[in-house]
Structures are given as structure tokens and as C-alpha cells.
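Spelled out, the chains give:
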Amino acid sequence: MTMLTIDNLHAEIDGKPILKGLTLQVNAGEIHAIMGPNGAGKSTLGYVLGGRPGYEVTEGSVTFDGEDLLDKEPHERAAAGVFLGFQYPVEIPGVSNVQFLRESLNAQRAVRGEKPLSGAEFLKVARAQADALGLQQDMLKRPVNVGFSGGEKKRNEMVQMGIIDPKFAILDETDSGLDIDALRVVGDGINRIMRRPDKAVLLITHYQRLLDYVRPDRVHVLADGRITRSGGAELAHQLEREGYAEVAA
Amino acid sequence: MSVLDLPSNREEAWRWADLGGIAAAAALAPVARSEAQFLDLPGAKLLFVDGELDQGASELHRVSVGAIAPGDHPLGRRAARGWTLRLDARAVADPVQIVHVATGAENHLGAAIELGDDSVAQVIEGFVGAGWSNRSTSVRLGRGARLSRAVRLTQAAGFVSLRDEIVLGEAASFVGTVLAAGDQGARVDAALTLAGEGGYAEFGGALLTRDRLKQECAVRVRHAEPNGQSHQLWRAVAAGQSQASLAAAVEVARHAQKTDGEQSLRGLLLDRTATVNLKPELEIFADDVKCAHGATVGELDARALFYMQSRGIPAARARALLTHAFVADALDRIADETVRAAFAADAAAWLERAL
Ligand SMILES: Nc1ncnc2c1ncn2[C@@H]1O[C@H](COP(=O)(O)OP(=O)(O)O)[C@@H](O)[C@H]1O
Ligand SMILES: [Mg+2]
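Engineer: Hey, could you run me through the coordination of the magnesium ion (ligand 2) in this one?
Structural biologist: When a metal carries six donors in an octahedron, the ideal angles between them are 90 or 180 degrees, while four donors in a tetrahedron ideally lie at 109.5 degrees. All names here are of chain A. At the metal site, the magnesium ion (ligand 2) is ligated by Ser43 (OG) and Gln87 (OE1), and these contacts range over 2.1 to 2.3 Å. Residue Ser43 is located in helix α1 (residues 42-50), and its partner Gln87 is located in the loop between β6 (82-85) and β7 (92-96); the two are separated by 44 residues in the primary sequence. Here Ser43 matches Gln87 in class, with each residue buried.

Engineer: It is not clear to me how the environment of Ser43(A) should be interpreted in this structure. Could you clarify?
Structural biologist: All names here are of chain A. Separated by 72 residues in sequence, Ser43 and Lys115 place their C-alpha atoms 34 Å apart. Contacts of Ser43, omitting those with residues within four sequence positions, involve Gln87 and Asp172. Within the local environment of Ser43, its side chain forms a polar contact with the side chain of Gln87, the two groups lying 2.7 Å apart.

Engineer: Whenever I open this one, a negative patch on the surface confuses me. Can you help?
Structural biologist: Together, Asp68(A), Asp71(A), Glu73(A) and Glu76(A) line one region of the surface with negative charge. Tracing the chain through its elements places Glu73(A) in the loop between β5 (67-68) and α2 (74-80).

Engineer: What exactly am I supposed to notice about the packing of helix α3 (residues 97-111) of chain A against helix α6 (residues 150-164) of chain A here?
Structural biologist: For any two helices packed against each other, one specifies the crossing angle of their axes together with the interaxial distance. Residues and elements named next belong to chain A. Contact geometry for α3 and α6: axes closest at 10 Å, N-to-C directions at 35°. Here α3 runs over α6; the crossing is right-handed. Taken together, the residues of α6 that come into contact with α3 (itself represented by Asn97, Phe100, Leu101, Ser104, Leu105 and Gln108) are Asn156, Gln160, Ile163 and Ile164. A per-class count over the contact of α3 with α6 returns five nonpolar, five polar and no charged.

Engineer: Would you mind going over the site of ligand 1 with me for this structure?
Structural biologist: Residues and elements named next belong to chain A. Around ligand 1, the structure places Ile13, Lys16, Ile18, Pro37, Asn38, Gly39, Ala40, Gly41, Lys42, Ser43, Thr44 and Tyr55. Here an oxygen atom of ligand 1 and a backbone polar atom of Ala40 are 3.2 Å apart. Within the complex, the protein chains bury 64% of what would otherwise be the 560 Å² of accessible surface of ligand 1. For the shell around ligand 1, the secondary structure elements donating two or more residues are β2 (16-27) and α1.

Engineer: What's the story with the packing of α3(A) against helix α4 (residues 119-132) of chain A in this structure? I'm lost.
Structural biologist: All names here are of chain A. Running from N to C, α3 and α4 cross one another at 105°; their axes reach a closest spacing of 11 Å. With respect to α4, the axis of α3 lies roughly perpendicular. Contact residues: Val98, Leu101, Arg102 and Leu105 in α3; Gly119, Phe122 and Leu123 in α4.

Engineer: Sorry if this is basic, but what is going on with the interface of chain A and chain B here?
Structural biologist: By a frequent convention, interface size equals the accessible area lost on bringing the separate parts together. In this assembly, 30 residues from chain A lie in contact with 17 residues from chain B. Overall, the association of chain A and chain B removes approximately 1,900 Å² of surface from exposure, summing both partners, and the carbon and sulfur fraction of that is 68%. The interface formed by chain A and chain B holds two salt bridges in total. Note that Glu103(A) is salt-bridged to Arg317(B), the shortest N-O span being 2.4 Å. Counting across the interface, chain A meets chain B through eight residue pairs in polar contact (both at pLDDT 80 or more). Counting residues per element, the ones that place at least two in the side of chain A that touches chain B are α1, α2, β6, β7, α3 and α6 of chain A. At six residues, α3(A) tops the list of elements feeding residues into the side of chain A that touches chain B. Residue composition of the side of chain A that touches chain B, grouped by class: 17 nonpolar, 10 polar and three charged.

Engineer: Would you explain the pairing of strand β13 (residues 229-238) of chain B in this entry?
Structural biologist: Side-chain direction in a regular strand flips from residue to residue, so the side chains alternate between the two faces of the sheet. Residue and element names in this part refer to chain B. In terms of residue burial, β13 counts as a mostly covered element, since nine of its 10 residues are buried. With eight bridges joining them, strand β11 (residues 200-209) and β13 adopt parallel strand pairing. Each bridged residue has a counterpart across the sheet, and for Thr209 the counterpart in β13 is Ala238. As paired elements, β13 and strand β15 (residues 260-269) share 10 bridges and run parallel to each other. Within the sheet, the bridge partner assigned to Trp234 lies in β15 and is Leu265.

Calculation rules
- Residues numbered from 1 in each chain as written.
- Chains lettered and ligands numbered in written order.
- Predicted model: local features only at pLDDT ≥ 70, side-chain atom pairs only at ≥ 80, totals over all residues.
- Heavy atoms only, no water.
- Donors = N, O, S within 2.8 Å, 3.2 Å for Na, K, Ca; no water.
- Helix = DSSP H or I, 4+ residues; strand = E, 2+ residues; numbered from the N terminus.
- Buried < 20%, exposed > 50% of the residue type's maximum accessible area, 1.4 Å probe, protein only.
- Contact = heavy atoms within 4.5 Å.
- Polar contact = N/O pair within 3.5 Å; in protein donor to acceptor, adjacent residues only side chain to side chain.
- Patch = residues over 30% accessible without salt bridge, like charges linked within 9 Å, V, L, I, M, F, W, Y side chains within 5 Å.
- Areas by Shrake-Rupley, 256 points an atom, 1.4 Å probe, with all protein chains shown as cover.
- Salt bridge = Lys/Arg side-chain N within 4 Å of Asp/Glu carboxyl O.
- Lys, Arg positive; Asp, Glu negative; His and termini not counted.
- Charge placed at Lys NZ, Arg CZ, Asp CG, Glu CD.
- Axes fitted to C-alpha atoms, helices over the stretch in contact; angles between N-to-C directions.
- Left-handed = near helix turned anticlockwise from the far one by under 90°.
- Nonpolar A, V, L, I, M, F, W, Y, C, P; charged D, E, K, R; others polar.
- Near = heavy atom within 4 Å.
- Parallel < 35°, antiparallel > 145°, perpendicular 65-115°, else oblique.
- Buried area = accessible area lost by both parts, 1.4 Å probe.
- Pairing = 2+ DSSP bridges.

Pasting the structure below:
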């Protein structure tokens, strides 16, 4: 079943066209990798799907679960099941991880007509996810991402994904800044949380190495704001060997 | 003395004062008496309605009410009566709670707090209702005496002006916090003098303004003797077309070596139409001192807002969380948990209304 349909998407920042007719379809149960050179528009795609202000869609459409995604506010997209893992997770001084995540989860539950989780119920869920991703418990009490190393920030993104348990995740270079052990932990986390028949993932990455842990069903090359090539998992290996310039052209 | 007999904005110390707001508040028509709410704490509870003690609703304990020396401050001198808390050496008092209810027009009230050596007191004041509430408080702390005072302004309209004159003896400690989280204008005017060696003073808080209100604090801390420490941590949040102003001065006398003075003034504009004025001032005549000051004005972090929204938090709630975090360190200085929670709740209620 189709979960996400992106059709001829054009988007610009400050009047500068970045996405130039991007078309992509993701079915439930699938993991798609998006690879491409720096500046190709990979993060822009993530932000446009998340609804970041300043990223203006000028043409095309995005349908998620049969509904117009672009019509929704960013928090409504989250409640609909979309999760955006940030390439550069943001620091929020003065707001603890626990408070942030409990607010997030309960705000989403409210939109879906579900009861809020109590502090104790929430902590149980949060602790289990932190353990599974090797994030120290005391980091849950610290302000969001403040003083976290690059790797800790990425683990924290995955802890958030585990707690929120989304239907669809866009993970923007979640593998960058991770050493090989952390890469395995994060890869296992993605498989555990998202590898399900009713879920799907867009895995934005620069390197083949994350794909050794999270096997993609499809691989796409994004270059100059468009998908220029698509294929199976073997395409990622070809890209690694031959470079984007050759393969994407 | 008429309302018109006010200082002028041409005087530097009154530059940001909303004198028109005071006159307008004094002219407010009578309103119904709003309910006074005391926190669940032991100790004295005083209810003043338009500056008059409501005997039936009050429990005075160690506090007395009567004539008071008016002083010479242009606003403060209007108060000829007030309440007094006098503690003997080594006394430890239960908290003193005071609720000031205004029902329109103007009211004036003084206060004197005199703590003997090594005595300890805590004062919590709140302002509700509408009108011009004008207060003049004089504090004298003996050697090693400790006072904490927390004041919250949550009037629905009008103006609250506070004049505090605080003198700390040797090794005395004063921790003062002010929260303006109502729909009234405000002027917090304070002079603190560390008159004995090794005094410790913290004076700070948060001004939350919206609509066309003007709130300001004008605080001067004077280190007259060596080894003193002072911290002024103020946060100003301005929405709509409001104006919040923070002027904080530290003065270190030639003789007051080893002084440690800190000022942190920060402003947050919730709308581009709002104004925050900051004026940190250091006047240092001693040579061996440590004085740090920082003053910045900014807006909410757009990246943090989007990050929170992308996790499901609606925009208004995200703004409230970030704004609350911005003022939190000023209110966290309140040591008493019950008081701190009440102040945090007032700030949260303001954010609900303003955002
Ligand atoms: N805030 C911005 N303002 C202007 N241009 C931007 C902004 N963010 C990204 N860009 C431009 O958009 C293009 C795509 O960037 P991005 O989506 O981050 O690429 P990728 O993630 O593939 O490396 C780049 O040319 C970049 O310079
Ligand atoms: Mg990128």
C-alpha cells in the first residue's frame, strides 16, 4: 500500500529553487535510501516534508496516507505519524529532554484523541528507549541536546523516535558523526522501531556504511533537486565504487 | 500631594518610567474586590485592601501596623502608614504573606523590616485588582541576618510602583525576586547598600509585558564595604507593543575591595513591535574587584521552535515552553518550593494569555 507519494515537487528557499521536480513513492513496509552529493537538496526535502517555515513549495504535491501533507501544520504532520530525524539536532537550553518528549508525545496523543501519559508511565517508556539506544539515563533529565556530543545527539534523535513510535520516519544523515559501535546501535534501533509492515522510512545518507545495518528496499540518487536514478540495494554499492558524478549523470 | 506631582522622564533615573500609566491607573474607576489568595504556608497573613488592613482576614503574628516614617523618595514618601516586622537577634520567623488588593484609584502603603543579628525571615507579597498601588519598603538587616522576599504583580489593570531601600549589615544576606505577570504597568525601584563587610545580595526577577504596557526596573546596588557579593539577574519578555526596561547599576566604593558583582540582563521580544531597553551600569572606584555584566536582547530561536513543532508540539505551546525556559533561571532563585511553584504558575498563566 502506498504511504507517501511525492509528485513533481518544486521548492525554494529565499526565492532560490532547490527542489526541481522531485517524484518519489514509498509503500508501507519499505525502507528507501536517498543518497546524493552535498548540496543536492536532501535536507531540504526533509524540511519540506516536515513543514519548516521558509521552505516554500512552488509546485507539485505530497500525499501521506491519502491526505495532503503540505496542507498541514508541522505539529499536525507529526501527529499524522511523520517523524523528522535532524541532521543537526537543535539545542534547547532550559527545557529538559523529559519535559520536551512528554509534551511532544502527549500533544500527538491529544490530536489522535488518546489519553495523555502520566509522568510515571512516560518515564518507563523513555527509560526503555534510552537503554536500548545506549543513552545514559541522566541525559533524559538534561536540557535537550545541550552539551551532548555529536553522537549523543544522534542517539537522542533515535530515542525520540522510539518514544514517539511514528508511522513514517525521514532520517537525515543520522549516521554522520557516529563511530562504528554507535552506528550498529543506531542501525539496530532503526530496524527495531521502524522495520514493520505498517511503517516506512526515508533514510537520507551520504555513505553506504549505514546501509550494511539497515538494508534498503530501494535506493535513490538525489542530484540537483531531482531523483536522477533509482535501484535496489546494489545501487548504493555502485555509488560507493564509482561516485555520484558517474552514476547520477 | 496630587498625582500630577510626579517626577519627570527628563531625569535619568525616571527615563523609562510610565508616568502617564501611573496617572491613568490612579484615575481608574472602582472595581469589585478581587479574591485574596494566600499560599499554604504557616505564619502571618495580612490582607490590605486599598492599603487598609482587613483585620478579619488577617493574622498578624509578629507584624504590627501603624504610622511609618515616609522617607524622601518621590513616590515612596506618599506612604505615611504601613506594616512593620521587627525581629530580635537570632529569631527565626515563620513566613509573612501579604496580599494587596486594589479596587481602583490610588493607594499607598509603607513597610519596615528590621532584622536583628542572625535572625531569619521570609516575606511573600502579591498584588491583585486594579488601580495604582504604591509601596515603599525599608529593610535593615543586622549582622548575619537573612531575608528572602518574593513579590508578584498580577493586577488585572493599573500600575504597581515599588520603592525598596535595603541596607545590609556585616555578612547579612538578602535575596529578592520580583515577578511582573499581570496586566498592570510596573516600576521596581530599589536601592541596596552593602553597608557591612561580606554582605550578600541577590535581586532579580522577570518582567512580562504585553499590549501597550510599560514595565521597568531601576535598581542600584552599592558596595560600601569589602568582600561583598551581589547578583542581579533580570529577564524581560515583551509582547505586542509593550515596553520592558531594565536598568541595573553596581557601584563599588573605593574602600570596597574584593567585591564580586554580577549583572545579567536579558530581553526577549515576542513581537517585533515590542521594545526592551537594557542599561547595565558599573561604577567602580576600588581596584581589586570582580564585576561581570551581560546584556542581550533577542527573539525566540526559530530552529528550536521548528524542532519542537516537528515533534508534535503546537506553535503556541512551543513558544510558551521556550519563553518559560527563558525566565526560569530568574525565578529559580526562590528557595521556598511552594513560593517558587506559585510564581512559576503565574508566569505560565501569563504565557497562556499572551501567546
Ligand atoms: N537557509 C538556506 N538559505 C539559502 N540556501 C540554502 C539554505 N539551506 C540550504 N540552502 C541551499 O540549498 C541547497 C541544498 O541544501 P541541502 O538541502 O542542505 O543539501 P544536502 O542536504 O543535500 O547537502 C544548497 O545549495 C544550499 O546551499
Ligand atoms: Mg543535508
